[in-house]
Amino acid sequence: MELALDIGTWVLLLAGSLLLLITGFGLIRLPDLYTRIHAGGMADTLATFLIFVGLSLQSGFSLVTVKLLLVIAFVFFTGPTASYALAQASFVAGLKPKLDGLSESEDKDETD
Amino acid sequence: MLRTVSLFLVLMAVWLLLSGHYTPLITGFGIASCLLSALIAYRMDVIDHESHPLQLGPRIFLYWGWLFIEIFKANLDVAKCILFPSKNLRPSMFMVTASQKSDLGKVIYANSITLTPGTVTVDLDGDQVMVHALTEISAQGVMSGDMDRRVTKVMEATS
């Protein structure tokens, strides 16, 4: 049982760390601010979730587990607000996104 | 009044879970401070359907479960895009219509879009949501309107 928990923790922590590594890689590699926000979104969601669930496996069934899970809940509630504030502020300031996908022409006019 | 009682119970549960000290004196202080907080919130008239959305009931938990699976899939998509940008990176910006009537519903929808990696809400004006998407898959996910319908279903019984 101990061994199973340890293996579970290892797997979750490594998966979370790998996602964080990809996030950091993406922050450097992606072309502009808007796309980099998406990379940051990974650290906010699945990476946080995996690492904190991995840690809560080690704490046994105690109040510490509850606190770790509460941290996940708070990050999930506040993360999107911060992302939105960042995206909205740069949009209002007039930063144009680099687009090459399914763009609509009227959106480009509004960023002027 | 029901919301004030519920706020007190939530505060009390959080206090009990976070404190870890259960001597009569400390627990008494906890009850007193939770009562005082609930009373002040009641007097300030800040407990309403937005700050304490009791009306959403258990449906919101089902929605969170679905949203979590979507977040999981979106994370893999974004990770793939970062590792192989030339194949997957197709940033786009477009408008979608939010079909929720209440402000709370629109906020849940816009925040869900932002919480899913690969899509970010840039602007919310009336019922028009401006979305920036990283890949084609994530853009199609929002355009299909699946999330919009689910949030509306969570909200509709309450309106």
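All values derive from a computational prediction rather than experimental measurement.

(A) Focus on helix α2 (residues 33–58) of chain A. Residues and elements named next belong to chain A. End to end, α2 covers 37 Å across 26 residues, agreeing with the expected 38 Å (1.5 Å per residue, within 8%). The largest bend in α2 is about 40°, located at Ala47. Just downstream of α2, Gly60 is the residue with a positive phi angle, here 75°.

(B) Fine view of helix α3 (residues 59–83) of chain B. With 25 residues, α3(B) extends 37 Å from end C-alpha to end C-alpha; this agrees with the ideal 36 Å at 1.5 Å per step. Within α3(B), the full set of buried residues consists of Leu67(B), Ile71(B), Ala74(B), Asn75(B), Asp77(B), Val78(B), Ala79(B), Cys81(B) and Ile82(B).

(C) Representation of the confidence of the model for chain A in the model. Residues and elements named next belong to chain A. The pLDDT averaged across chain A works out to 85; a share of 89% of its residues lies at or above 70. When mean pLDDT is taken per element in chain A, helix α1 (residues 2–29) scores highest with 92 and helix α4 (residues 105–110) scores lowest with 44. Ignoring residues within four places in sequence, the model shows residues 103–112, a span with pLDDT below 50, making eight contacts including any to other chains.

(D) Quick look at the packing of helix α1 (residues 2–19) of chain B against helix α2 (residues 24–44) of chain B. Residues and elements named next belong to chain B. Remark: α1 packs on α2, axes separated minimally by 9 Å, with the N-to-C direction vectors making an angle of 145°. Here the hand of the crossing between α1 and α2 comes out right-handed. Along its contact with α1, which presents Thr4, Leu7, Phe8, Leu11, Met12, Trp15 and Ser19, the element α2 presents Gly30, Cys34, Leu35, Ser37, Ala38, Ala41 and Tyr42. Partitioned by chemical class, the residues of the contact of α1 with α2 number ten nonpolar, four polar and no charged.

(E) Expanded view of the interface of chain A and chain B. At the interface, 35 residues of chain A touch 29 residues of chain B. The set of elements that each furnish at least two residues to the side of chain A that touches chain B consists of α1, α2 and α3 (63–92) of chain A. When residues of the side of chain A that touches chain B are assigned to their parent elements, the largest contribution, eleven residues, is made by α3(A). Per-class residue counts for the side of chain A that touches chain B are 19 nonpolar, ten polar and six charged.

What counts, and at which threshold
Residues numbered from 1 in each chain as written. Chains lettered and ligands numbered in written order. Predicted model: local features only at pLDDT ≥ 70, side-chain atom pairs only at ≥ 80, totals over all residues. Helix = DSSP H or I, 4+ residues; strand = E, 2+ residues; numbered from the N terminus. Expected span 1.5 Å × (residues − 1). Bend = angle between axes of the 7 residues up to and from the residue. Buried ≥ 20, exposed ≤ 12 C-beta atoms within 10 Å, placed from the backbone. pLDDT = per-residue confidence, 0-100. Contact = placed C-beta atoms within 7 Å. Axes fitted to C-alpha atoms, helices over the stretch in contact; angles between N-to-C directions. Left-handed = near helix turned anticlockwise from the far one by under 90°. Nonpolar A, V, L, I, M, F, W, Y, C, P; charged D, E, K, R; others polar.

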